[in-house]
Amino acid sequence: MVMTEENIMRKRMANTIRFLAADMVQRANSGHPGAPMGLADIAVVLSEHLNHNPKNPKWLNRDRLVFSGGHGSSLIYSLLHLWGYDVSLEDLKEFRQLDSKTPGHPEYGHTDGVEITTGPLGQGVANAVGFAMASKYTANQVNSETCELIDHKVYCLCGDGDLQEGISYEACSLAGHLKLDNLVLIYDSNAITIEGDTSIAWSEDVEGRFIAQGWDVKKINGHCYNDIDEVLNDVKKAKKPTLIIANTIIGRGAMELEGSASTHGSPLGDDIISASKIKEGFPDEKFYIPEDVLIRFRCAIDKGELLERQWIHLHKQAPLVEQNVAMDKLLNPDFSDIEFPDFSDSGSMATRDSNGKILNAIAKAIPSFIGGSADLAPSNKTELKNMGDFPKGRNMHFGIREHSMGAITNAMALYGTVIPFNATFFVFSDYLKPSVRIASLTGIQNFFIWTHDSIGVGEDGPTHEPIEHISQFRALPNFYVWRPADATENVEAWRTALSIKAPHGFVLSRQKLQTLKPKRDFGEISNGAYIVKERKDANFTLMASGSELMLALQSACHLEVLGIKANVVSVPCLDLFNEQDREYKERVVNPNTKVLAVEAGTATEYYRYADDIIGMDSFGASAPADLLFEKFGFTIENVMRRACSLMNIKYREVNLGKC
């Protein structure tokens, strides 16, 4: 590489990043200096190509930059500070400390300029695909032949570990199929993971893999500024997603530790850092930033503000009236426009069926509402009728890629113009649990639709019958699990969910559920649980959700013959009920009554309120659903026996006819 005056400056900039990262990790005595030091040269040149505005991190047409290897957060924070985001030098010094802006892995909403929370390897690759997909959909809604309001790129930095994770294969396969030419994946190929050289566990042809998935692949020396610059210019004209394989040296510049696995996740030591700085002709000072280097990086502010002003000017042009109207509808959805279906006379209907009608009602009113299923739309009932397929239409076909589906829609939800949903069978929610966790941690309003919710799946047997799943999702902070008892409750659940900026899971039945006729105060659904049947002088409470609510109502009717006066509480969202104040909780679940909860899952979380639970303590079985509910104790007789036991009343058989 010819060391022109420009490249000499680039090297000074790269060394500033390297030693800031090393100093941050050393001061914290914790972190990962190797990848940031190895990526510093790429980061410098990428800075020259990136269109963003540090003074407005939410500018819609900015390039998105995703750091999939979130453990390299010292690189991220160094760049954010140098560019001029709200990350100070003091914030860098507080790296990995309590309540700092610079936690161990980047967190969306916590640190200015971080596009999405990353850390679990591979998630960021799928997130980048999601950003690219949201961009494509938005562009198709608002761009014209003469004016492109959305034309930015999505860049993602990833490493060997990211590409070993299965989620990256799922996501990149879909990206290649969709020809996402706005996506650039920069692969930091340093051939090192925690245990040593990648050859101990990995020998695949990454280039061949991506070519087979429909990507353009380019190889560069990740420390050659000219190579990096040339390839970043080239990808702007791409017709496919592009993988840049950048061969780098982990811990670049760290003296004898350069290229060693020991730089991956441990501080380098003061002596090594000092010697490395001296060798590079860099002042041996901690957190030193040369003034000319800072000025060069801070050019991002003037450049970004100019680009945004030009974009705003373009946005205001008179010929763009229709485009601006379309953009406004995407950016400012009006949920009051939704004409929800009325199911009051529906008789009986599976909640997956009512949910399908609800999705279509929302999509009809909200242009930003978009989603799809992991190859299960006919079973999940998630097709948006007459609304076309992505990227111009609203129906996304994820293929059998549950894990990446969750991460892709997480990013889409953060893009700014899209309200996504995704769907699969509830038992397969296991495959996207890591993405649900990130959504919960970040507060992403992503809608997860899970049908075939219990042993009601029937003949498919225990491999397809979710037992513990609802409990694990209820255990997630900031995640709301909805299990509506009928079609009408399903509508009200959606009304509430749309108003809460958090992720939601809709757990829906395959089998038909009777639409309940008793009067219900649906205003209280927003509290998560409410009394659906109240008895004077009640001495007992039955709690239930979903398909078991009807069982609870029928059982309560028969219990009166035995002197047990049971209130029946519907629990469409236990998570919301847990958040209510003590007064409301005690109004719904009378503390002076014995409480029995009934739910076709492990249901142990009900012990917060219940004295006993009728739930599942084993896996299901393969048989018609009605036989399974009987086998596992979801019968009127069993509810009555357990109620009598709680009340110390001798059980006696009663006529279980019409009640």
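Being a predicted model, the structure only gives us computed values, none of them experimental.

## Focus on helix α7 (residues 166–178)
An α-helical segment advances 3.6 residues per turn. Residues three or four places apart therefore align on the same side.
Thought 1: Compared with an ideal rise of 1.5 Å per residue, which puts 13 residues at 18 Å, α7 spans 19 Å between its outermost C-alpha atoms and is within 8% of the ideal.
Thought 2: Among the residues of α7, Ile 167, Ser 168, Glu 170, Ala 171, Cys 172, Ser 173, Leu 174, Ala 175 and Gly 176 are the ones counted as buried.
Thought 3: Packing partners of the buried residues in α7 comprise α5 (123–142), α6 (160–164), β3 (183–189), α8 (206–212), β10 (395–397) and α15 (402–415).
Thought 4: Positive phi appears at Lys 179, one or two residues downstream of α7, with a value of about 55°.

## Thoughts on helix α13 (residues 351–365)
Thought 1: Taking 1.5 Å of rise per residue, 15 residues should cover 21 Å, and α13 covers 21 Å from first to last C-alpha, within 8% of that figure.
Thought 2: Counting buried residues in α13 gives eleven out of 15 residues, a clear majority hidden from the surface.
Thought 3: Along α13, the residues classified as buried are Thr 351, Arg 352, Ser 354, Asn 355, Gly 356, Ile 358, Leu 359, Asn 360, Ala 361, Ile 362 and Ala 363.

## Things to note about a nonpolar patch on the surface
Thought 1: A surface patch of nonpolar side chains, amounting to about 280 Å² of accessible area, comprises Met 1, Met 3 and Ile 8.
Thought 2: On the secondary structure map, Met 1 appears in the segment before α1 (5–28).
Thought 3: Overall, Met 1 belongs to the partly exposed group, its relative accessible area being 47%.

## As for the packing of α1 against helix α3 (residues 73–83)
Thought 1: At their nearest, the axes of α1 and α3 sit 9 Å apart, and the two run at 120° to each other. Judged on the interaxial angle alone, α3 and α1 are oblique. Relative to α3, the crossing made by α1 is right-handed. Only Ser 74, Leu 75, Tyr 77, Ser 78, Leu 79 and Leu 82 of α3 make contact with α1, whose side of the interface consists of Thr 16, Ile 17, Leu 20, Ala 21, Met 24 and Val 25.
Thought 2: Here the residues of the contact of α1 with α3 are counted per class, giving nine nonpolar, three polar and no charged.

## Quick word on the environment of Asn 56
Thought 1: Within the fold, Asn 56 resides in the loop between α2 (34–49) and β1 (64–67).
Thought 2: Here the side chain of Asn 56 touches Glu 308 through a polar contact of 2.6 Å, side chain to side chain.

## What to know about the pattern of salt bridges
Thought 1: Within this structure, the stated rule accounts for 29 salt bridges.
Thought 2: The residue Arg 10 makes a salt bridge to Glu 48 at a minimum N-O spacing of 2.8 Å. Separated by 38 residues along the polypeptide, Arg 10 in helix α1 and Glu 48 in helix α2 bring together distant segments of the chain.
Thought 3: Here the salt bridges do not stand alone but share partners, grouping Glu 6, Arg 10, Glu 48 and Arg 296 into one network.

## Some points on the sheet that holds strand β19 (residues 594–598)
Thought 1: The five strands lie next to each other as β16-β18-β17-β19-β20, forming an open sheet whose pairing is mixed. What marks the edges here is a single partner per strand, and that holds for β16 (530–533) and β20 (612–614). Each strand axis lies, on average, 30° off the axis of its neighbour in the sheet, ignoring direction.
Thought 2: Two strands pair when backbone bridges link them, and strand β17 (residues 540–544) and strand β18 (residues 566–570) are joined in this way by five bridges, in the parallel orientation. Residue pairing across strands places Ala 544 opposite Ser 570, the latter belonging to β18.

## Topic: the packing of aromatic side chains
Where two aromatic rings form a pair, the distance of their centres and the angle of their planes describe that pair.
Thought 1: In the structure shown here, the tally under the stated rule is 23 aromatic pairs.
Thought 2: Site record: aromatic cluster; members linked through ring pairs are Phe 369, Phe 421, Phe 447, Trp 482, Trp 494 and Phe 506.
Thought 3: Over the ring of Phe 632 we find Lys 631; its NZ or CZ atom is 5.5 Å from the centre of that ring.

## Some words on the nonpolar core
Thought 1: In this structure, Trp 494, Leu 542, Met 543 and Phe 634 are the most contacted members of the largest nonpolar core, which totals 89 residues.
Thought 2: If near-sequence neighbours (up to four positions away) are discounted, Phe 634 is found in contact with Ile 455, Glu 548, Leu 551, Val 598, Glu 599, Ala 600, Ile 614, Gly 615, Met 616 and Phe 629.
Thought 3: Residues Val 154, Cys 172, Leu 330 and Phe 390 belong to the second largest nonpolar core, which totals 68 residues.

## Comments concerning the pairing of strand β2 (residues 154–159)
Thought 1: Within β2, six of the six residues are buried, which leaves it mostly tucked inside the rest of the structure.
Thought 2: The two faces of β2 match: Val 154, Cys 156 and Cys 158 on one face and Tyr 155, Leu 157 and Gly 159 on the other face are all buried.
Thought 3: Here four bridges tie β1 to β2, and the two strands are oriented parallel to one another. Across the sheet, residue Phe 67 finds its bridge partner in β2, namely Leu 157.
Thought 4: Direction of pairing for β2 relative to β3: parallel, over a ladder of six bridges.

How each quantity is defined
- Residues numbered from 1 in each chain as written.
- Predicted model: local features only at pLDDT ≥ 70, side-chain atom pairs only at ≥ 80, totals over all residues.
- Heavy atoms only, no water.
- Helix = DSSP H or I, 4+ residues; strand = E, 2+ residues; numbered from the N terminus.
- Expected span 1.5 Å × (residues − 1).
- Buried < 20%, exposed > 50% of the residue type's maximum accessible area, 1.4 Å probe, protein only.
- Contact = heavy atoms within 4.5 Å.
- Patch = residues over 30% accessible without salt bridge, like charges linked within 9 Å, V, L, I, M, F, W, Y side chains within 5 Å.
- Areas by Shrake-Rupley, 256 points an atom, 1.4 Å probe, with all protein chains shown as cover.
- Salt bridge = Lys/Arg side-chain N within 4 Å of Asp/Glu carboxyl O.
- Axes fitted to C-alpha atoms, helices over the stretch in contact; angles between N-to-C directions.
- Parallel < 35°, antiparallel > 145°, perpendicular 65-115°, else oblique.
- Left-handed = near helix turned anticlockwise from the far one by under 90°.
- Nonpolar A, V, L, I, M, F, W, Y, C, P; charged D, E, K, R; others polar.
- Polar contact = N/O pair within 3.5 Å; in protein donor to acceptor, adjacent residues only side chain to side chain.
- Pairing = 2+ DSSP bridges.
- Phe/Tyr/Trp six-rings, centres within 6.5 Å; stacked < 30°, edge-to-face > 60°.
- Lys NZ or Arg CZ within 6 Å of the ring centre and 35° of its normal.
- Core = buried A, V, L, I, M, F, W, Y, C linked by side-chain atoms within 4.5 Å.

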